[in-house]
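Here are the chains, one letter per residue:
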Amino acid sequence: MAGALIAGGWGLFAGAALLVGAAVGTLFRVPAQWIALVMAFGSGVLISAVSFELVDEAYRQGGVLPTAAGAVAGASAYTVANVYLARRGARHRKRSGARQPSEAAQPGSGNAIALGALLDGIPESVVIGTSLLGGGNVGLATVVAVFISNVPEGMASAAGMKRAGRSRAYVFTLWSVIAGVSGLAALAGYAFLGGVSGTWMAAITAVAAGAILAMVADTMIPEAFEEAHLLAGLTTVLGFLTAFVLSRAAA
């Protein structure tokens, strides 16, 4: 039980970064280019964590087939769900500009954005929980990657919600719920996946990796490039290298 609570605490910690970002995006007028640069950095961090923490770990546990199959399954499931939510108003949920529809312009878009935020955050949190299984320490690079990426996600999405006319109460309630669900997802990852075989754990880890990578490509990189343009690539590489150094230092 103690291990599950620790896992939940790490998931809650990473999810709380959404509230930090939302506070900045809602209370201050942050230039869109700055938000985009932080988004690009967070994208690089997540790509690195997927590569060196998740896919590498899945391969060592189960080999090529479960890793590849899991990654494709995760990316496919994320894409299907994302397409469904995009058609209901959540397409631009991570955009800081005037892209998000208001509730008056598209009824139900607020609920779609909330579900989209859940869709983005759950795979990351489950991975945090499973990284503690077997008495191991939580993957530092994974937690840092999720935390760093959550800050610009919260900033951009909250700024977009503000432009769409949504209240601060809505913004902070949404991200508080997402942070809480992140903690529960990490707790569940630890509590319910401890008895699975190495092959199944590899597949589950790869499913999360595929979903995260699809999320980065579908929602984070477009926002980063749209506002930061040619600086987005360099900043993404800096984020990638930061997470790589952290993962090697923690090894």
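- The name an unreviewed UniProt entry gives the chain is ZIP family zinc transporter, with Streptomyces roseus as the organism.

**Quick word on the overall build of the chain**
For step 1, the next point in the chain: Within the chain, the secondary structure is distributed over eight helices and zero strands.
For step 2, the next point in the chain: Mapped in sequence order, the helices and strands of the chain form the string α-α-α-α-α-α-α-α.
For step 3, the next point in the chain: A sequence separation of at least 24 residues applies to 86% of the contacts in the chain between residues at least 6 apart.
For step 4, the next point in the chain: A total of about 11000 Å² of accessible surface is found on the chain, and carbon and sulfur atoms cover 70% of it.

**Examining the side chain of S125**
For step 1, the next point in the chain: With respect to the helices and strands, the residue S125 is situated in helix 4 (residues 109–130).
For step 2, the next point in the chain: Non-local contacts of S125, meaning those with residues more than four positions away in its chain, are made with S182, A185 and A186.

**Topic: empty space enclosed by the protein**
For step 1, the next point in the chain: A complete count under the given rule lists two cavities of 30 Å³ or more for this structure.
For step 2, the next point in the chain: The volume enclosed by the second largest cavity comes to roughly 50 Å³.
For step 3, the next point in the chain: Taken together, L46, A49, V50, L54, E124, V127, T142, A145, V146 and I212 form the lining of the second largest cavity.
For step 4, the next point in the chain: Of all elements in the fold, only helix 2 (32–62), helix 4 and helix 5 (140–163) reach the threshold of two or more residues within the lining of the second largest cavity.
For step 5, the next point in the chain: If you tally residues by element for the lining of the second largest cavity, the top one is helix 2, at four residues.

**Points about the environment of G129**
For step 1, the next point in the chain: One can find G129 in helix 4.
For step 2, the next point in the chain: Measuring from C-alpha to C-alpha, the distance between G129 and A7 comes to 4.9 Å, with 122 residues separating the pair along the chain.
For step 3, the next point in the chain: If we ignore the near neighbours within four places in the chain, the residues touching G129 are A7, A186, G189 and Y190.

**Re the nonpolar core**
For step 1, the next point in the chain: Core analysis: the biggest nonpolar cluster contains 29 residues, and L46, L54, I212 and M220 have the highest contact counts within it.
For step 2, the next point in the chain: Breaking this core down by element, the ones donating at least two residues are helix 2, helix 5, helix 7 (198–228) and helix 8 (231–250).
For step 3, the next point in the chain: Considering each element in turn, this core owes the most residues, 10 residues, to helix 7.
For step 4, the next point in the chain: If you look at the next biggest cluster of nonpolar residues, it comprises nine residues, including L18, A158, M161 and L174.

**Topic: the packing of helix 2 against helix 7**
For step 1, the next point in the chain: The contact between helix 2 and helix 7 brings their axes to 8 Å, and the two run at 165 degrees. Regarding the angle of helix 2 to helix 7, the classification is roughly antiparallel. As for the relative orientation of helix 2 and helix 7, their crossing is left-handed in sense.

**Details of the UniProt feature "transmembrane region" (unreviewed entry) in the chain**
For step 1, the next point in the chain: Cross-referencing UniProt, the feature "transmembrane region" (unreviewed entry) maps to residues 6–27, 34–52, 64–85, 169–193, 199–217 and 229–250 in the present numbering.
For step 2, the next point in the chain: Across residues 64–85 one finds 100% helix and 0% strand; the C-alpha atoms that close the span lie 32 Å apart.
For step 3, the next point in the chain: Span residues 169–193 is 96% helix and 0% strand, its end C-alpha atoms 35 Å apart.

**Structural notes on the packing of helix 1 (residues 2–27) against helix 6 (residues 168–192)**
For step 1, the next point in the chain: Orientation of helix 1 relative to helix 6, taken along the N-to-C sense of each, is 160 degrees, at an axis distance of 7 Å. In terms of axis orientation, helix 1 runs roughly antiparallel to helix 6. Once helix 1 is placed against helix 6, the crossing between them reads as right-handed.

**Brief notes about a positive patch on the surface**
For step 1, the next point in the chain: The grouping of R29, K162, R163 and R168 at the surface amounts to a positive patch.
For step 2, the next point in the chain: Its location among the elements puts K162 in helix 5.

**Considerations on the side chain of S43**
For step 1, the next point in the chain: By secondary structure assignment, the location of S43 is in helix 2.
For step 2, the next point in the chain: With residues near it in sequence (within four places) discarded, S43 still touches V216, M220, I221 and T236.

**Regarding the pattern of salt bridges**
For step 1, the next point in the chain: Overall, the coordinates contain two salt bridges when judged by the stated rule.
For step 2, the next point in the chain: Two residues, R60 and E57, come together in a salt bridge whose shortest N-O distance is 2.6 Å. Taken together, the residues span about one helical turn, with R60 and E57 both in helix 2 at a distance of three residues.
For step 3, the next point in the chain: Residue classification places R60 among the exposed positions, given a relative accessible area of 56%.
For step 4, the next point in the chain: Look at E57 and you get partly exposed, because its relative accessible area is 26%.
For step 5, the next point in the chain: Counted as one network, the salt bridges with shared partners bring together D56, E57 and R60.

Rules used in this analysis
Residues numbered from 1 in each chain as written. Predicted model: local features only at pLDDT ≥ 70, side-chain atom pairs only at ≥ 80, totals over all residues. Heavy atoms only, no water. Helix = DSSP H or I, 4+ residues; strand = E, 2+ residues; numbered from the N terminus. Contact = heavy atoms within 4.5 Å. Areas by Shrake-Rupley, 256 points an atom, 1.4 Å probe, with all protein chains shown as cover. 1 Å grid on protein atoms, 1.4 Å probe; cavity = no way out; pocket = protein on both sides within 12 Å on 5 of 7 lines; lining within 4 Å. Points joined across faces, edges and corners; volume = space filled by probe spheres on them. Core = buried A, V, L, I, M, F, W, Y, C linked by side-chain atoms within 4.5 Å. Buried < 20%, exposed > 50% of the residue type's maximum accessible area, 1.4 Å probe, protein only. Axes fitted to C-alpha atoms, helices over the stretch in contact; angles between N-to-C directions. Parallel < 35°, antiparallel > 145°, perpendicular 65-115°, else oblique. Left-handed = near helix turned anticlockwise from the far one by under 90°. UniProt positions renumbered as here; feature names shortened; annotations may be inferred. Patch = residues over 30% accessible without salt bridge, like charges linked within 9 Å, V, L, I, M, F, W, Y side chains within 5 Å. Salt bridge = Lys/Arg side-chain N within 4 Å of Asp/Glu carboxyl O. Lys, Arg positive; Asp, Glu negative; His and termini not counted. Charge placed at Lys NZ, Arg CZ, Asp CG, Glu CD.

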